[in-house]
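Tertiary structure, described
Residue-level listing of the chains:
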Amino acid sequence: MEGCVSNLMVCNLAYSGKLEELKERILADKSLATRTDQDSRTALHWACSAGHTEIVEFLLQLGVPVNDKDDAGWSPLHIAASAGRDEIVKALLGKGAQVNAVNQNGCTPLHYAASKNRHEIAVMLLEGGANPDAKDHYEATAMHRAAAKGNLKMIHILLYYKASTNIQDTEGNTPLHLACDEERVEVAKLLVSHGASIYIENKEEKTPLQVAKGLSLLWPLPLRSTGSGRAGSAAVAHGPSCFAACGIFPDRGTNPCPLHRQADSTTAPPGKPKFIVFIKEVLKYLY
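Throughout what follows, the structure given in this document is the object of discussion. For clarity, every value in this text was computed on a predicted model and none was experimentally measured.

Considering all chains together, one arrives at four salt bridges under this definition. For Arg 41, the salt bridge identified is with Asp 70, shortest N-O distance 2.9 Å. Of this pair, Arg 41 sits in the loop between α2 (19–28) and α3 (43–50) while Asp 70 is found in the loop between α4 (53–61) and α5 (76–83), placing the two residues 29 residues apart along the sequence. Among the salt bridges present, the one from Glu 186 reaches Lys 189, with a minimum N-O distance of 3.0 Å. Pair noted here: Glu 186 and Lys 189 are both in helix α12 (residues 185–193), with a separation of three residues, about one helical turn. Using a relative accessible area of 8% as the deciding quantity, one classes Lys 189 as buried.

Our focus in this paragraph is α3. Most of α3 sits out of view: six of its eight residues are buried. All of the buried residues in α3 are Ala 43, Leu 44, His 45, Trp 46, Ala 47 and Cys 48. In the core, the buried residues of α3 are packed alongside α1 (9–16), α4, α5 and α6 (86–94). At the exit of α3 stands Gly 51, carrying a positive phi of roughly 80°.

Taken together, Glu 20, Glu 54, Glu 57 and Glu 87 make up a surface patch of like negative charges. Tracing the backbone shows Glu 87 in helix α6. Look at Glu 87 and you get exposed, because its relative accessible area is 51%.

Let us look at the environment of Gly 172. As for its position among the elements, Gly 172 is in the loop between α10 (152–160) and α11 (175–181). What makes Gly 172 buried here is its relative accessible area of 5%. For the pair Gly 172 and Ala 140, spaced 32 residues apart in the sequence, the C-alpha separation amounts to 9.8 Å. Apart from residues no more than four positions distant in its own chain, Gly 172 is found in contact with His 177, Glu 201, Asn 202 and Lys 203.

In this structure, Glu 139 takes a positive phi of about 60° despite not being glycine. You can call Glu 139 partly exposed: its relative accessible area is 35%. Notably, Lys 162 is not glycine yet its phi reads approximately 70°, a positive angle. As for its position among the elements, Lys 162 is in the loop between α10 and α11. Here Lys 162 falls in the exposed class, since its relative accessible area comes to 69%.

For the structure on display, the rule yields three aromatic pairs. Geometrically, the ring pair formed by Trp 74 and Tyr 112 is tilted, given 4.6 Å between the ring centres and 35° between the ring planes. Here Trp 74, found in the loop between α4 and α5, pairs with Tyr 112, found in helix α7 (residues 109–115); they are 38 residues apart in sequence, far enough to count as distant. Classification of Trp 74 as buried rests on a relative accessible area of 18%. Ring geometry for Tyr 160 against Tyr 161: centres 5.1 Å apart, planes inclined by 80°, an arrangement best described as edge-to-face.

Look at α6 against helix α8 (residues 119–127): their axes get within 9 Å of each other, and the N-to-C directions meet at 10°. On the basis of their axis angle, the class for α6 and α8 is roughly parallel. Along its contact with α6, which presents Asp 86, Val 89, Lys 90 and Leu 93, the element α8 presents Glu 120, Ile 121, Met 124 and Leu 125. A per-class count over the contact of α6 with α8 returns five nonpolar, no polar and three charged.

Take Thr 108: it is sitting in the loop between α6 and α7. Judged by its relative accessible area of 3%, Thr 108 falls in the buried class. In this view, Thr 108 contacts His 78, Val 99, Asn 100, Ala 101, Val 102 and Ala 134; residues no more than four positions away in its chain are not counted.

Cut-offs used in this document
- Residues numbered from 1 in each chain as written.
- Predicted model: local features only at pLDDT ≥ 70, side-chain atom pairs only at ≥ 80, totals over all residues.
- Heavy atoms only, no water.
- Salt bridge = Lys/Arg side-chain N within 4 Å of Asp/Glu carboxyl O.
- Helix = DSSP H or I, 4+ residues; strand = E, 2+ residues; numbered from the N terminus.
- Buried < 20%, exposed > 50% of the residue type's maximum accessible area, 1.4 Å probe, protein only.
- Contact = heavy atoms within 4.5 Å.
- Patch = residues over 30% accessible without salt bridge, like charges linked within 9 Å, V, L, I, M, F, W, Y side chains within 5 Å.
- Areas by Shrake-Rupley, 256 points an atom, 1.4 Å probe, with all protein chains shown as cover.
- Lys, Arg positive; Asp, Glu negative; His and termini not counted.
- Charge placed at Lys NZ, Arg CZ, Asp CG, Glu CD.
- Phe/Tyr/Trp six-rings, centres within 6.5 Å; stacked < 30°, edge-to-face > 60°.
- Axes fitted to C-alpha atoms, helices over the stretch in contact; angles between N-to-C directions.
- Parallel < 35°, antiparallel > 145°, perpendicular 65-115°, else oblique.
- Nonpolar A, V, L, I, M, F, W, Y, C, P; charged D, E, K, R; others polar.

Written out as structure tokens, the structure reads:
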């Protein structure tokens, strides 16, 4: 069979969307509906992958298991969520698909919906009981994935369902670290406005603002909390009166500090934002 994906004919028929031929074979031998191939996948897995809703509905009507996993731990719901198959996700959830199932990487279907920006699917999963703070084997959440990808609307969705903004992965990075690292200005502003800390350090002892690309060229002094929750060690270096008036806080007057004047006047490379502007844009959501 041309374009074979499986060593089982029923799986190939499910993937290629040949409903009538698949029906004929399965109705003649119903055990074929749940038989697994070389990847431990059933016809349902392959139909979900290719997005053949009618075949999925046929198989579900036969009562095939919806939570069987392939050899990588992917359930049909993982596959459908990752592939963006909205109607299939809805059908699987209606048949009791486990919304917080994890694969061999520790990922839930929500992890893939978040990274691939599947808004409607993310909402269905969350409404179905998906844990917005579920961690994969790297202790990353759906929020980490959305922040790294710059998926702003997805972050709005996760925040609506009370996802945390300050969970650290195995490298100590919060979603804000990842947003800053990728220069996702709007994402960073949104996270900060919803409680993301600019003071949490990762395993490299860097705060989110310190991981912004090129930041060290413009901001040699670290931004760390002194316990007051406002000024960091940069305040200690500058002196409180200087820091309070610095233009890094846009609502606090002009910028008398030579360090900040130099940073403000630095010309950004073509196509790159000025990193001091990046900092200002983020910090103005705190003050």
